[in-house]
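Residue-level structure breakdown
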Amino acid sequence: MDLDHLPRHIAIIMDGNGRWAKRRGLPRTAGHKVGAEVFRTIATYCKDLGIDYLTVYAFSTENWKRPKDEVDTIMRLLKRYLLEAIDTMARDNIRLRFLGDLTELPQELQDLAARTNAISATLDGFQANICLNYGGRDEILRAARQFARECAAGERTPEQLDTALFERHLFSAGLPDPDLIIRPGGEKRVSNFLLWQCAYAEFIFTDTLWPDFKKEDLDAALLEYQHRQRRYGGI
Ligand code: FPP
């Protein structure tokens, strides 16, 4: 692997937790618990490699349809992670950011997110972005609505809208686009993840289920990424 040519921003759809658990005769929630551990390991590894941003899909706008105990478990795992982060992020110089509409999440999680945001504002290191109650279409609709409101208020004209201005209205405002999107778990689809931002991303799909995903799987993805030619529509 060429450590001088790593992606600046990696995004991951952490898929396969439920199947991993089922294959072991365990409840689906057991897969999410291991999945949260794997997230910790892979985030630390990305930081150690010198990657600037890691964005993960932790809870989509559609995941509310899941059974209540599964939703509750994911929220509990997030809470535990944020409590740990509050104690360690300054020491490790790790910033956290959330993409999505947090107002529908339990108040306790919103408060913890606000605390990690405040700590992040004092740091300048590696940044983990956690997509929570996030949907790509929802993000684009909100941006369009907000821009329309600015036009209606006479603050902008439709002609002013370009890529850069639109991006300032997205949850991801200020973030570089992901260079590499990895989807473990065997499915080969985007599932409403970073729809705007993935325009020129390289995709890697792997059959490994997220709870089985190891640093070596990230190494393999990075090696494949380094063999891709990115042309951005040119030749
Ligand atoms: C997709 O697998 C995974 C999720 C919907 C939840 C991901 C959440 C975590 C890993 C826990 C909390 C995260 C952090 C950042 C601490 P699936 O359940 O759809 O798997 P399946 O396709 O096998 O059913």
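A few points on the structure.

**Some points on the sheet that holds strand S6 (residues 202–205)**
As summarised here, the arrangement of the six strands in space is S3-S4-S2-S1-S5-S6, forming an open sheet in which the pairing is parallel. The sheet is open, and its two borders are formed by strand S3 (95–99) and S6, each paired with just one other strand. Adjacent strand axes in the sheet meet at a mean angle of 20 degrees when their direction is disregarded. Lying over the sheet, helix H2 (residues 28–49) contacts strand S1 (9–13), strand S2 (53–60) and strand S4 (127–134), oriented at roughly 160 degrees with respect to S2.

**Some points on the nonpolar core**
The tendency in soluble globular proteins is for nonpolar side chains to be buried side by side. By size, the foremost hydrophobic cluster in this structure holds 46 residues, and its most contacted members are Ile10, Phe39, Ile130 and Leu218. Element by element, the count of residues in this core is highest for helix H3 (residues 68–92), at nine residues. Residues within four places of isoleucine 130 in sequence aside, it is in contact with Phe39, Val56, Ala58, Leu78, Tyr81, Leu96, Arg97, Phe98 and Leu99. Of all hydrophobic cores here, the second largest spans 13 residues; its members include Ala11, Leu99, Tyr134 and Cys198.

**Concerning the environment of phenylalanine 59**
Within the secondary structure layout, phenylalanine 59 lies in strand S2. The spatial distance from the C-alpha of phenylalanine 59 to the C-alpha of tyrosine 134 is 6.6 Å, given a sequence separation of 75 residues. Not counting chain neighbours up to four residues away, the residues in contact with phenylalanine 59 comprise Trp64, Val71, Ile74, Met75, Cys131, Leu132, Asn133 and Tyr134.

**Side note on the site of the ligand**
Within the structure, the ligand sits among 17 residues, and Asp15, Gly18, Arg19, Arg28 and Arg66 are positioned closest to it. Here glycine 18 contributes a backbone N or O atom positioned 3.1 Å from an oxygen atom of the ligand. A distance of 2.9 Å separates an oxygen atom of the ligand from a polar atom in the side chain of arginine 28. Protein chains bury 92% of the 630 Å² of accessible surface belonging to the ligand in isolation. Because more than half of its atoms lie within 2 Å of the grid, the ligand is assigned to the largest pocket. For the shell around the ligand, the elements supplying multiple residues, two or more each, are helix H1 (17–23), H2 and H3. Among the elements that take part in the shell around the ligand, H2 stands out by supplying five residues, more than any other. Residues that form the shell around the ligand fall into these classes: seven nonpolar, six polar and four charged.

**A word on empty space enclosed by the protein**
All chains considered together, the criterion is met by one cavity of 30 Å³ or more. Put simply, the largest cavity is a space of about 40 Å³.

**Quick notes on the side chain of histidine 32**
Examined against the element boundaries, histidine 32 turns out to sit in helix H2. One polar contact links histidine 32 to glutamate 70, side chain to side chain, over a distance of 2.8 Å. In contact with histidine 32, other than residues within four places in its own chain, are Asn17, Arg66, Glu70, Ile74 and Leu77.

Quick notes on the rules
- Residues numbered from 1 in each chain as written.
- Predicted model: local features only at pLDDT ≥ 70, side-chain atom pairs only at ≥ 80, totals over all residues.
- Heavy atoms only, no water.
- Pairing = 2+ DSSP bridges.
- Helix = DSSP H or I, 4+ residues; strand = E, 2+ residues; numbered from the N terminus.
- Axes fitted to C-alpha atoms, helices over the stretch in contact; angles between N-to-C directions.
- Contact = heavy atoms within 4.5 Å.
- Core = buried A, V, L, I, M, F, W, Y, C linked by side-chain atoms within 4.5 Å.
- Buried < 20%, exposed > 50% of the residue type's maximum accessible area, 1.4 Å probe, protein only.
- Near = heavy atom within 4 Å.
- Polar contact = N/O pair within 3.5 Å; in protein donor to acceptor, adjacent residues only side chain to side chain.
- Areas by Shrake-Rupley, 256 points an atom, 1.4 Å probe, with all protein chains shown as cover.
- 1 Å grid on protein atoms, 1.4 Å probe; cavity = no way out; pocket = protein on both sides within 12 Å on 5 of 7 lines; lining within 4 Å.
- Sits in = over half its atoms within 2 Å of the grid points.
- Nonpolar A, V, L, I, M, F, W, Y, C, P; charged D, E, K, R; others polar.
- Points joined across faces, edges and corners; volume = space filled by probe spheres on them.

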